[in-house]
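Given next are the chains, with one letter for each unit.
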Amino acid sequence: MSVDDSGQGHAIRTGGQGTRVSGPRVLVAGASIAGPALAHWLRRRGAEVTVVERAPELRPGGQAVDARGVAREAIERMGLAAAVRAACTDTAGAHTVDADGQVLETFRADDDGGDGFIADIEILRGDLSRVLYEDTRDGVEYVFDDRIADLVQDADGVDVVFAGGDRRRFDLVVGADGPHSELRAMVFGPHERFLRHLGHVLAFYSVPNEFGLDRWLLEYQDRESGRSALLRPIRDATRAMAMFYFASADFDVDHRDVAAQKVLLRERMAGLGWLTPDILAHLDDTPDFYLDQVAQVVMDRWSSGRWVCSGTRRSARRRCPDRAPGWPWSVPTCWPGSWPLPGGTPTRGSPATRRGCARSSRPTRRSAD
């Protein structure tokens, strides 16, 4: 590992056995899921790949990613099936409960051949990110705690200036840095032009498992207000992942203002029953708080010369009789030879409404996390 002279970014520069790779030089912005997944396939095709991530390290936690259908096949083709399964949440099923904790409905992980509400393969976003990183780090250059500050392209390549001061040239630059992509804003314009709020907000963070969770997810829904609280087991049995969901006609909290996001969450969850007060009691102590709107990035085109967008998921909205769009579960969408991967996992409704949802779905535009 080597550290650049600026002191503002640190890079892991490797090329398999210490040799330097040759081929197209590709810069990928974002080291969550789409970035490392794309780096896997580009590296296998001979490209020299650099992944830049503004965070100082991989981000932990997040929602559970379920791998179904073509996503499962992609993981298998990447040779990561064993690693992904080893990092799975090992969730046995889900219970919907009332305010007193009484079970209303039960869904098992083996329902529908492992393709039910709880998928056969479910892994926290942060754990999947680490699996992909560990798979690629010996052949891909990762630059953490840095970001693209400017870029200029010509017919032969892209000149990139990093915030840490480094200046380099690439053949292709890929934006895989989420719905609030700074790179997309540089190339196409302000976020407001492309980010479509879908009327819902989600929050995730880990809490001590003081609730007795043992491989079973619990969800409470207040149908009158449209709010939900959820606790799910994770591989570390001493902790659990909490999730809150609420409808919101608009969303004007800055995606990097964590303090304001926590204020919003407390305000919107006030008065919600079940275990909500106990879960909120850990809000200021959690190491991995995340809150954001459910949104779509809507664009007429996804490339401009030698710059292209990639995404963590493709979304689809099911026609549900009750609550929609429900929870957006993510899958890696970088496929050999034709990324982003066509298709993906549709947005899923709540357990109580799932049976009323059509199994077919209508694809919509992509949203990355």
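Residues numbered from 1 in each chain as written. Predicted model: local features only at pLDDT ≥ 70, side-chain atom pairs only at ≥ 80, totals over all residues. Heavy atoms only, no water.

**Concerning the sheet that holds strand β10 (residues 148–153)**
Spatial ordering of the open sheet is given by β10-β11-β12, a layout of 3 strands whose pairing is antiparallel. The strands lining the two open edges of the sheet, one partner per strand, are β10 and β12 (167–170). Across the sheet, the mean angle from the axis of one strand to that of its neighbour is 25 degrees, orientation sign disregarded. (Pairing = 2+ DSSP bridges. Helix = DSSP H or I, 4+ residues; strand = E, 2+ residues; numbered from the N terminus. Axes fitted to C-alpha atoms, helices over the stretch in contact; angles between N-to-C directions.)

**Points about helix α1 (residues 34–44)**
Counting buried positions over the 11 residues of α1 gives 9, a clear majority of the element. Within α1, the full set of buried residues consists of Ala34, Gly35, Pro36, Ala37, Leu38, Ala39, His40, Trp41 and Leu42. Positive backbone phi, approximately 95 degrees, marks Gly46, located one or two places after α1. (Buried < 20%, exposed > 50% of the residue type's maximum accessible area, 1.4 Å probe, protein only.)

**As for the nonpolar core**
Tyr205, Phe244, Leu265 and Ile279 are the most contacted members of the largest nonpolar core, which has 27 residues in total. Mapped onto this core, the elements with two or more residues apiece are β14 (195–208), β15 (216–222), β16 (227–233), β17 (239–247), α6 (258–269) and α7 (276–280). The residues contacting Ile279, other than those within four sequence positions of it, are Tyr205, Val207, Phe211, Leu231, Ala242, Phe244 and Trp274. Core analysis: the next-biggest nonpolar cluster, separate from the first, contains 20 residues, Leu27, Val52, Phe188 and Phe194 among them. (Core = buried A, V, L, I, M, F, W, Y, C linked by side-chain atoms within 4.5 Å. Contact = heavy atoms within 4.5 Å.)

**What about the pairing of β16?**
Most of β16 is tucked away: 7 of the 7 residues are buried. Side-chain alternation along β16 places Arg227, Ala229, Leu231 and Pro233 on one buried face and Ser228, Leu230 and Arg232 on a second face that is also buried. In terms of strand pairing, β15 meets β16 through 5 bridges, oriented antiparallel. Residue pairing in the sheet places Leu218 in a bridge with Leu231 of β16. Inspection of the sheet shows β16 paired to β17 by 6 bridges, in the antiparallel sense. Considered in β17, the bridge of Ser228 is made with Tyr245. Count of turn residues in the β16/β17 antiparallel hairpin: 5 residues.

**Remarks on the confidence of the model for the protein**
On average, residues of the protein score 80 in pLDDT, and 78% of them are at 70 or above. The low-confidence segment residues 10–21, where pLDDT is below 50, has 37 contacts with residues more than four positions distant or belonging to other chains. Long-range and interchain partners of residues 312–369, a stretch whose pLDDT sits below 50, account for 190 contacts in this model, where long-range means more than four residues apart. (pLDDT = per-residue confidence, 0-100.)

**Quick notes on the sheet that holds β14**
The strand order β7-β6-β15-β16-β17-β14-β18 describes an open sheet built from 7 strands, whose pairing is mixed. Of all strands in the sheet, those with a lone pairing partner are β7 (103–108) and β18 (290–297), marking the two edges. On average, adjacent strands in this sheet sit at an angle of 20 degrees to one another, irrespective of strand direction. Strand direction decides the pairing type here: strand β6 (residues 93–97) and β15, joined by 5 bridges, are parallel. Across the sheet, His95 pairs through a bridge with Leu218, a residue of β15. Lying on the sheet, α6 is in contact with β14, β16, β17 and β18; it crosses β17 at an angle near 70 degrees.

**Remarks on the pairing of β15**
Among the 7 residues of β15, 6 are classified as buried, and the element is accordingly described as predominantly covered. From the end of β15 to the start of β16, which pair antiparallel, there are 4 residues, and Gly226 there has a positive phi angle of about 75 degrees.

**A word on the pattern of salt bridges**
The full count for this structure, using the stated rule, is 13 salt bridges. The shortest N-O distance in the salt bridge between Arg77 and Glu73 comes to 2.9 Å. Of this pair, Arg77 and Glu73 both sit in helix α2 (residues 70–77), 4 residues apart, which is roughly one turn of that helix. Look at Glu73 and you get partly exposed, because its relative accessible area is 33%. Among the ionic contacts, a cluster of salt bridges with common partners joins Asp154, Asp159 and Arg169. (Salt bridge = Lys/Arg side-chain N within 4 Å of Asp/Glu carboxyl O.)

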